[in-house]
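# Structure assessment
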Amino acid sequence: MPTDETVAVHPAPLKRDDIPGWFFGLDRAAFGHLLSTQSAAGITGDILELGSYLGRSAVLLGDHLRPGERLTVCDLFDSEAGDADNAAEMAMSYRKTLTRSAFESNYLAFHDELPEIVQAPTSALADGRIRAGSCRFVHVDASHLYEHVAGDIAVARGALSAHGLVALDDYRSEHTPGVSAAVWEAVFTGGLHPVLFTPMKFYGTWGDTGAVRQSLLEHDWRAAGYTVDEDTIAGRRVLRLNYQVKAPVRSTSRRLALDLLPPVATRATRRVLRTLRERRTI
């Protein structure tokens, strides 16, 4: 008979996409490329994740550990938050599903050993338990509150080596203005250099951007269904990675009809079709 001490059993995921979360294909490709490029260049170091949810990104990070490297994940999981604002955020988004046992079950479905787990607020890492300069990659995806994100960015900066990279989640979402504020503050007053943007994540470094930027430009993203564009922010070049947008395919009969109509009728027809499309989107 079940008791209060019954341990919850979580079915192991059969594939990585079975793990719940918001870590999508575009950023999986970016993580994979950046981490593999570091390894190929002989850049070594530990990997740190602040905010792991149920392990979807942690599993991929574990794929890229080299001999002697360590993955550390820090998350509250099913512990109580340390302040009222953070508790309210967790209650709204995570409390019903986020447990440490579920994370561990998901991770062990794809790896033989668990990472080092710090079940605590990410602010706990500010005590120096992560050795300064020991990490080559840090993923920040914990609280969306400005004060917490600013603290997490400070932890990331202290943990990263000279060539280390940080990935910051939700830097541009309308429901996470605190993240945006902390990220751009780090850029304009804290020396963080943007390297790559995706719709969900900001990738940057406090070191030199040249080598990582070149590796991104040389990679054939189009073959995988992605596009790379360039922008300039305050004199610095930054790349944008996104999904390819496929042009709609018109039917042969429709193209033939438009080609055979006189120019005046064709323009009128196009206006009518455009109006209908606009009405359908309202």
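Bear in mind the structure is a predicted one, so any value in this text is a computation, not a measurement.

### Re the sheet that holds strand S1 (residues 46-50)
Read across the sheet, nine strands follow the order S3-S2-S1-S4-S5-S7-S6-S9-S8 without closing on themselves; strand pairing throughout is mixed. Each edge of the sheet is formed by a strand with only one pairing partner; in this case those strands are strand S3 (116-119) and strand S8 (226-233). Between one strand axis and the next, the sheet turns by 20 degrees as a mean value, whatever way the strands run. Of the pairings in the sheet, the one linking S1 to strand S2 (residues 71-75) comprises four bridges and is parallel in character. Bridge assignment links leucine 48 to a residue of S2, and that residue is threonine 72. Against the sheet, helix H4 (residues 100-108) contacts S2 and S3, and its axis sits at roughly 165 degrees relative to S3. Each of strand S5 (160-169), strand S6 (193-197), S8 and strand S9 (236-243) touches helix H7 (residues 210-218); the most contacted strand, S9, lies at about 35 degrees to it.

### Describing the side chain of arginine 56
Relative to the assigned elements, arginine 56 resides in helix H2 (residues 56-63). Overall, the relative accessible area of 15% leaves arginine 56 in the buried class. Here glycine 21 takes part through its backbone oxygen, which lies 3.2 Å from a polar atom of the side chain of arginine 56. The contacts of arginine 56, once residues within four sequence positions are left out, are Arg16, Asp17, Ile19, Pro20, Gly21, Phe23 and Arg28.

### Points about the environment of serine 36
Looking at the element boundaries, serine 36 is found in helix H1 (residues 25-40). Its relative accessible area of 37% is what places serine 36 among the partly exposed residues. Separated by 28 residues in the primary sequence, serine 36 and histidine 64 place their C-alpha atoms 7.1 Å from one another.

### Structural notes on the packing of H1 against H2
At a minimum axis distance of 10 Å, the contact between H1 and H2 shows a crossing angle of 25 degrees. As summarised for this structure, H1 and H2 are arranged roughly parallel, according to the angle between their axes. Every pair of crossing elements has a handedness; the one defined by H1 and H2 is right-handed. On H2, the residues touching Arg28, Phe31, Gly32 and Leu35 of H1 are Arg56, Leu60 and Leu61.

### Let's talk about the packing of aromatic side chains
For any pair of aromatic rings, the description rests on two quantities: the centre-to-centre distance and the angle between the ring planes. On inspection of all chains with the given rule, the structure shows 14 aromatic pairs. Pairing tyrosine 171 with phenylalanine 202 gives two aromatic rings, centres 6.1 Å apart and planes at 65 degrees, and the pair type is edge-to-face. Taken together, the positions of tyrosine 171 in the loop between S5 and helix H6 (177-190) and phenylalanine 202 in strand S7 (residues 201-205) put the pair 31 residues apart, joining distant regions of the chain. Taken individually, tyrosine 171 and phenylalanine 202 each receive the classification buried, so the pair is uniform in this respect. With a centroid separation of 5.5 Å and an interplanar angle of 40 degrees, the aromatic rings of phenylalanine 197 and phenylalanine 202 are classed as tilted. Owing to a relative accessible area of 0%, phenylalanine 202 belongs among the buried residues under this scheme. Three or more aromatic residues link up through ring pairs in this structure, and these residues are Tyr171, Trp184, Phe188, Phe197 and Phe202.

### Overview of the pattern of salt bridges
By the definition in use, this model includes 13 salt bridges. Where arginine 56 meets aspartate 17, a salt bridge forms, and the shortest distance between an N and an O atom there is 3.1 Å. Taken together, the residues arginine 56 in helix H2 and aspartate 17 in the segment before H1 connect sequence positions 39 residues apart. Arginine 240 serves as the salt-bridge partner of aspartate 231, at 2.4 Å between the closest nitrogen and oxygen. Residue class for aspartate 231 comes out partly exposed when judged on its relative accessible area of 30%. Owing to a relative accessible area of 34%, arginine 240 belongs among the partly exposed residues under this scheme.

### Describing unusual backbone geometry
Within the chain, aspartate 170 stands out as a residue other than glycine whose phi angle is a positive 60 degrees. Checked against the element boundaries, aspartate 170 lands in the loop between S5 and H6. Within the chain, alanine 234 stands out as a residue other than glycine whose phi angle is a positive 50 degrees. You can see alanine 234 is positioned in the loop between S8 and S9. Assessed through its relative accessible area of 67%, alanine 234 is described here as exposed.

### Examining the pairing of S9
Both S6 and S9 contribute to a ladder of two bridges, which runs parallel. Across the sheet, leucine 196 pairs through a bridge with leucine 239, a residue of S9. Where S8 lies against S9, eight bridges are found, and the strand directions are antiparallel. Counted as the bridge partner of valine 228 is leucine 241 from S9.

Cut-offs and rules
- Residues numbered from 1 in each chain as written.
- Predicted model: local features only at pLDDT ≥ 70, side-chain atom pairs only at ≥ 80, totals over all residues.
- Heavy atoms only, no water.
- Pairing = 2+ DSSP bridges.
- Helix = DSSP H or I, 4+ residues; strand = E, 2+ residues; numbered from the N terminus.
- Axes fitted to C-alpha atoms, helices over the stretch in contact; angles between N-to-C directions.
- Contact = heavy atoms within 4.5 Å.
- Buried < 20%, exposed > 50% of the residue type's maximum accessible area, 1.4 Å probe, protein only.
- Polar contact = N/O pair within 3.5 Å; in protein donor to acceptor, adjacent residues only side chain to side chain.
- Parallel < 35°, antiparallel > 145°, perpendicular 65-115°, else oblique.
- Left-handed = near helix turned anticlockwise from the far one by under 90°.
- Phe/Tyr/Trp six-rings, centres within 6.5 Å; stacked < 30°, edge-to-face > 60°.
- Salt bridge = Lys/Arg side-chain N within 4 Å of Asp/Glu carboxyl O.

Distances and angles like these do not, on their own, reveal function.
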